[in-house]
Amino acid sequence: MSPARKRSVRLVLALSAAVVLASALIYTSFSAASPALSPSQLLSQAQPGRSYQLTGKVASGSVHRHGAVLDFSVADRAGGKAVALAYTGTVPDPFREGREVIVTVQKQGSRFVGERDSLITKCPSKYKSAPPSEKQNY
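Residues numbered from 1 in each chain as written. Predicted model: local features only at pLDDT ≥ 70, side-chain atom pairs only at ≥ 80, totals over all residues. Heavy atoms only, no water.

### Details of the pairing of strand 2 (residues 51–58)
In this sheet, strand 2 lies alongside strand 1 (residues 36–37) in parallel orientation, the contact comprising two bridges. Bridge pairing links L37 to L54 in strand 2. Regarding the hand of the β-α-β motif, the stretch spanning strand 1, helix 2 (residues 39–45) and strand 2 is right-handed. With seven bridges joining them, strand 2 and strand 6 (residues 100–108) adopt antiparallel strand pairing. Bridge pairing links S51 to Q106 in strand 6. (Pairing = 2+ DSSP bridges. Helix = DSSP H or I, 4+ residues; strand = E, 2+ residues; numbered from the N terminus. Right-handed = clockwise from strand over helix to strand, strands pointing away.)

### Brief notes about the nonpolar core
Among the nonpolar cores identified, the biggest contains 18 residues, and L42, L54, F72, L85 and V105 are the most heavily contacted of them. Looking at this core, the elements that each hand over two or more residues are strand 2, strand 4 (69–75), strand 5 (82–87) and strand 6. Ignoring sequence-local partners within four residues, the contact set of F72 consists of V58, S62, V63, V83, A84, L85, Y87, F95 and L119. (Core = buried A, V, L, I, M, F, W, Y, C linked by side-chain atoms within 4.5 Å. Buried < 20%, exposed > 50% of the residue type's maximum accessible area, 1.4 Å probe, protein only. Contact = heavy atoms within 4.5 Å.)

### Quick word on the side chain of D76
Mapped onto the secondary structure, D76 falls in the loop between strand 4 and strand 5. Nearest to the buried, unbridged D76 among oppositely charged side chains is K81, at 7.4 Å. Within the local environment of D76, its side chain forms a polar contact with the side chain of S40, the two groups lying 3.2 Å apart. In contact with D76, other than residues within four places in its own chain, are S38, P39, S40 and K81. (Lys, Arg positive; Asp, Glu negative; His and termini not counted. Salt bridge = Lys/Arg side-chain N within 4 Å of Asp/Glu carboxyl O. Polar contact = N/O pair within 3.5 Å; in protein donor to acceptor, adjacent residues only side chain to side chain.)

### Digging into the pattern of salt bridges
Pairs can form between side chains of opposite charge whenever their charged atoms are close. The final tally for this structure, using the stated rule, is two salt bridges. E100 is the salt-bridge partner of R77, the closest N and O atoms lying 2.8 Å from each other. Pair noted here: R77 is in the loop between strand 4 and strand 5 and E100 is in strand 6, with a separation of 23 residues, a long-range link. For R77, a relative accessible area of 45% corresponds to the partly exposed category. A salt bridge links E100 to K122, with the shortest nitrogen-to-oxygen separation between them at 3.6 Å. On the criterion of sequence distance, the pair formed by E100 in strand 6 and K122 in the segment after strand 8 (120–121) is long-range, its members being 22 residues apart. In the salt-bridge network here, residues are joined through shared partners; they are R77, E100 and K122.

### As for the environment of G89
You can see G89 is positioned in the loop between strand 5 and strand 6. Take G89: its relative accessible area is 28%, and that puts it in the partly exposed class. Distance from G89 to S118, taken between C-alpha atoms, is 7.8 Å for residues 29 residues apart in sequence.

### Some thoughts on the side chain of S73
As for its placement among the helices and strands, S73 is situated in strand 4. A relative accessible area of 16% places S73 in the buried class. If sequence neighbours within four positions are ignored, S73 has contacts with K57, V58, A59, S62, A82, V83 and A84.

Shown next, in the form of structure tokens:
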């Protein structure tokens, strides 16, 4: 076999291996991902023992601490249904009522329990429309 042919065969084999590895990586990352569910979606499809990503706003008047356990409710962004849950672990500084959060939860019996240290707050948008009284003409 000529040296040019050997180089071509090696190149084809290396590129084929790279494509197979990239495909495996993409498949693994998408199959392991779980979509974030709203409270109304979670209530309708949650099964005990499975983990779910819950996203929504912390409901007003729902935050209570009992020792190391933080009890609060996550409501749909547009209002409506809310999921009460018990959470232990690190609580981010910006956590408060009305703030959007994402937390990993499991259904245990009839209640939901947040996985330890899985609570994240979403940052409010920095770029909101100014009220009409604050708009400036340039």
